[in-house]
Amino acid sequence: MMHVRYHLPFLAPLVSIIIPNKAKPELIEACITSIRKRINYPRYELVIVDNGSTDLDTLRFYDYIRPQGVTIEYITQFLTILL
């Protein structure tokens, strides 16, 4: 197996990892844990795009994960406009 390695500039570009979700905090937690365990890129952000979750477990998880630098975006208004 061949691996290609690119040299990064001094300040590596920011990479956004976008994770869609609706009421599955256990899957999001596993996803975030896996990414953080495996990634070795210096500049990345995790963005969870939520599709209208209302259950308390998901909302509590967002409250827990937000201070760790994870951005939560909600798209319920966008979907309402399209429908």
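Above this text you will find the structure in question.
Residues numbered from 1 in each chain as written. Predicted model: local features only at pLDDT ≥ 70, side-chain atom pairs only at ≥ 80, totals over all residues. Heavy atoms only, no water.

*Asks:* Honestly, the sheet that holds strand S3 (residues 70-74) in this entry has me stumped. Any pointers?
*Replies:* Strand pairs in the sheet, formed through backbone hydrogen bonds, run parallel or antiparallel to each other. Taking strand neighbours across the sheet as the criterion, the three strands line up as S1-S2-S3 in an open arrangement whose pairing is parallel. Each edge of the open sheet carries a strand with a single partner, namely strand S1 (15-21) and S3. Shown here is a sheet whose adjacent strand axes are inclined to one another by a mean of 25 degrees, direction ignored. Looking at chain direction, strand S2 (residues 44-50) and S3 are connected through five bridges and run parallel. Looking at the pairing, Val47 lines up with Thr71 of S3. Its contacts with the sheet place helix H2 (residues 56-65) against S1, S2 and S3, and it is angled at close to 140 degrees to S3. (Pairing = 2+ DSSP bridges. Helix = DSSP H or I, 4+ residues; strand = E, 2+ residues; numbered from the N terminus. Axes fitted to C-alpha atoms, helices over the stretch in contact; angles between N-to-C directions. Contact = heavy atoms within 4.5 Å.)

*Asks:* Teacher, can you tell me more about the packing of helix H1 (residues 25-38) against H2 here?
*Replies:* It is at 9 Å that the axes of H1 and H2 come closest, and there the two elements cross at 25 degrees. On the basis of the axis angle, H1 is roughly parallel to H2. Mapping the contact onto sequence places Pro25, Ile28, Glu29, Ile32 and Arg36 in H1 and Asp57, Thr58, Phe61 and Ile65 in H2. Residues belonging to the contact of H1 with H2 are distributed by class as follows: five nonpolar, one polar and three charged. (Parallel < 35°, antiparallel > 145°, perpendicular 65-115°, else oblique. Nonpolar A, V, L, I, M, F, W, Y, C, P; charged D, E, K, R; others polar.)

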